Amino acid sequence: MNIGFLLLNNHSGKGGLETVLQKTTENLKKENINSYIFFLYEPSFKEFLTKFEHTYSINYPNALKKCQFAMPRFMEKYLHRRYIQKNYHALFNRVKNANLDALVVLNLTKQFSNHYKLIKNIKELLNIPIISWSHSSISDTKPAVVKKIKSKIDLFDGHLAISNGIKTEIENLYQQKNIYLIYNPISPAEIIPRDPSKFIFIGRIDKNKRVPLLLETFHKLSGNWHLEIYGSSGSNEKDQEIIELINTLQLNAKVSFHGWTDNPRSKIKKAGVLVLNSELEGFSLVIAEAMMRGIPALSTNCPVGPAEIIQQNINGWLFDTDDMSQCQKIAQGIIDNKIELPEQKAIQKSVEKFNSTKVTNNFIHAV
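Once a new chain begins, its residue numbering starts again from 1 and follows that chain's sequence as written. Thresholds applied to this predicted model are a pLDDT of at least 70 for local features of residues and 80 or more for the giving and counting of side-chain atom pairs; totals over whole chains, interfaces and linings are not thresholded and use all residues. Hydrogens and waters are ignored; side-chain quantities use all the structure's heavy atoms.

Chemist: Describe the overall build of the protein, and please don't skip the residues or the numbers.
Modeler: Assigned secondary structure in the protein consists of 15 helices and 13 strands. Taking 2.2 N^0.38 as the reference for a compact globule, 367 residues should give roughly 21 Å; the C-alpha atoms of the protein span a radius of gyration of 21 Å, in line with that estimate. Its C-alpha atoms put the protein at 65 × 50 × 40 Å along the principal axes. To sort residues, take the accessible area from a 1.4 Å probe on protein chains only and compare it with the maximum for the residue type: under 20% means buried, over 50% means exposed, and anything in between is partly exposed. Here the protein holds 367 residues, and 53% of them are scored as buried. Taking all contacts inside the protein whose residues are at least 6 apart in sequence as the whole, residues at least 24 apart take part in 74%. Comment: elements are numbered from the N terminus, with helices defined as DSSP H or I runs of at least four residues and strands as E runs of at least two. Our radius of gyration looks at C-alpha atoms and nothing else; its globule reference is 2.2 Å times the residue count to the power 0.38. Throughout, a residue-residue contact means that at least one pair of heavy atoms, one from each residue, lies within 4.5 Å.

Chemist: So what's going on with a positive patch on the surface? Residues and values would help.
Modeler: Residues qualify for a patch when their relative accessible area is over 30% and they have no salt bridge, like charges being joined within 9 Å and the nonpolar side chains of Val, Leu, Ile, Met, Phe, Trp and Tyr within 5 Å. What sets the accessible areas is the Shrake-Rupley method with a 1.4 Å probe; for residues, cover comes only from the shown protein chains. Just to be clear on terms, a salt bridge is a Lys or Arg side-chain nitrogen sitting within 4 Å of an Asp or Glu carboxyl oxygen. The sign given to each residue is positive for Lys and Arg and negative for Asp and Glu; His and the chain ends receive no count. The location of each charge is read from NZ of Lys, CZ of Arg, CG of Asp or CD of Glu. There is a patch of like positive charges on the surface, built from K77, K110, K142 and K148. When you line up the elements, K110 lands in helix α5 (residues 110–114).

Chemist: Any chance you could break down the packing of helix α1 (residues 16–30) against helix α15 (residues 356–366) for me, citing the residues and the numbers?
Modeler: Axis geometry follows a simple rule: fit a line to the C-alpha atoms, using only the stretch in contact for helices, then measure angles between N-to-C directions, giving values from 0 to 180 degrees. Where α1 contacts α15, the axes come no closer than 10 Å and their chain directions differ by 80 degrees. Judged by the inter-axis angle, α1 sits roughly perpendicular to α15. Contacts between α1 and α15 involve T24, N27 and L28 from the former and S356, T360, F363 and I364 from the latter. Throughout, the term roughly parallel applies to angles under 35 degrees, roughly antiparallel to angles over 145, roughly perpendicular to angles from 65 to 115, and oblique to all others.

Chemist: How would you explain the pairing of strand β1 (residues 2–7) if you had to name every residue and give the values?
Modeler: The buried fraction of β1 amounts to six of the six residues, a majority that puts the element mostly inside the structure. The alternating pattern of β1 places N2, G4 and L6 on one face and I3, F5 and L7 on the opposite face, and all of these are buried. Two strands are said to pair when DSSP picks up at least two bridges between them. Pairing geometry for β1 and strand β2 (residues 34–39), over six bridges, is parallel. In the sheet register, F5 faces β2, and the bridge partner there is I37. Summarising the sheet, β1 and strand β4 (residues 102–106) pair through five bridges and their orientation is parallel. Looking at β4, one finds that G4 is bridged to L103.

Chemist: Give me the lowdown on the side chain of S299, citing residues and values where you can.
Modeler: Tracing the backbone shows S299 in strand β12 (residues 297–300). If we ignore the near neighbours within four places in the chain, the residues touching S299 are L276, I287, P306, I310, W317, L318 and F319.

Chemist: Could you give an account of the nonpolar core, naming the residues involved and the relevant values?
Modeler: Ranked by size, the top nonpolar core spans 89 residues in total, and within it F5, F38 and W133 carry the most contacts. With seven residues, the single largest contributor to this core is helix α11 (residues 285–292). Sequence-distant contacts of F38, that is, excluding residues within four places in its chain, are made with G4, F5, L6, L7, Y56, L91, R94, V95, A98, L100 and L103. To define a nonpolar core, start from buried Ala, Val, Leu, Ile, Met, Phe, Trp, Tyr and Cys residues and group those joined through side-chain atoms within 4.5 Å. With 29 residues, the next largest nonpolar core counts I229, V255, F319 and I334 among its residues.

Chemist: Run through the packing of aromatic side chains, naming residues and quoting values.
Modeler: Centre distance within 6.5 Å is the pairing criterion for rings of Phe, Tyr and Trp, where only the six-membered ring of Trp is used; planes under 30 degrees apart are then read as stacked, over 60 as edge-to-face, and the remainder as tilted. Under the criterion given, the structure shown has eleven aromatic pairs. Taken together, the ring pairs in this structure connect F5, W133 and F363 into an aromatic cluster. Only when the NZ of Lys or the CZ of Arg is both within 6 Å of the ring centre and within 35 degrees of the ring normal is a charge said to sit over the ring. Here the basic side chain of K152 rests over the ring of Y116, its NZ or CZ set 5.5 Å away from the ring centre.

Chemist: Talk me through the sheet that holds β4; I want residue IDs and the actual numbers.
Modeler: Spatially, β3-β2-β1-β4-β5-β6-β7 is the arrangement adopted by the seven strands of the open sheet, whose pairing is parallel. Edge positions in the sheet fall to β3 (54–57) and β7 (179–181), since each has one partner strand and no second. Pairs of neighbouring strands in the sheet enclose a mean axial angle of 20 degrees, with direction left out of account. Across the sheet, α15 touches β1, β4, β5 (130–134), β6 (158–161) and β7, and the angle it forms with β6 is around 170 degrees.

Just distances and angles here, no functional claims.
Next up, the structure:
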């Protein structure tokens, strides 16, 4: 069997979606299923392309790349999109030559509407089933975008959902029924030794993750604690802003900013609690991966993933997205030993249903 994956959005190559895609293709290979990865936008982290056997991306000409700094951002994005649309034929031919049994499209975003013509041609001219695979909550999708997607969504033969929350969103927003809940794959891992005073943040640093707000909240904590930040914005300038905020809040002795780190879990020798301060999540791979290592999570109860993974006081804690005082109260309780951390093996057991083998079987069954 040959499965194609079409990435519609501009991905850096270092996010949770990329990690899941890599794990999924590795697991499919063990079942003698070939994966073909097609990028509309070449990832900025070029090494990501080496993680797969079969890849193709529409490369943006260097001449246009050099011009992008001399034009407004909206104009650069428009020209890039138009260039891709003018080169649909090249990607179409690659899809055709792959002899696919199905094409999985990531994600249900504005880009689906922008590149609908390409996907429609693949389905109609090559007679390939088309399946969507959403990796983030669509609850904040603008009404105009929802309307456009809704008018075209019947193109899909089915939908994969990484969380029950996303499944419900697709049902409610787009009135779709053929949705398969498959979750995200988590590889087995050893339990990491515990240090209740050590808090960990792992992930991309962007507006959604609200790292500055997390730092301002931790600034109010007292006692023996330390926060380790493994992540980057992808920009040296923005990373420097985080470092400057740590200096301004006089948290140099309390917060370690490691920047982007390959395989950060291998660098963590001891840990207490993983913290997440997102406004939106699709599944929250970082929470499940931490729990596989016996680390409980303290997270916002944001749409849509954390509440499906975190069981209050059993493997972690949820706090209201707009109430950082709750986050502060729980963190202070942990520091003061008033809140006892859950038993590590129980935490690990709580995420067994996300085991890579089970999720791969879910994926294959759905397709």
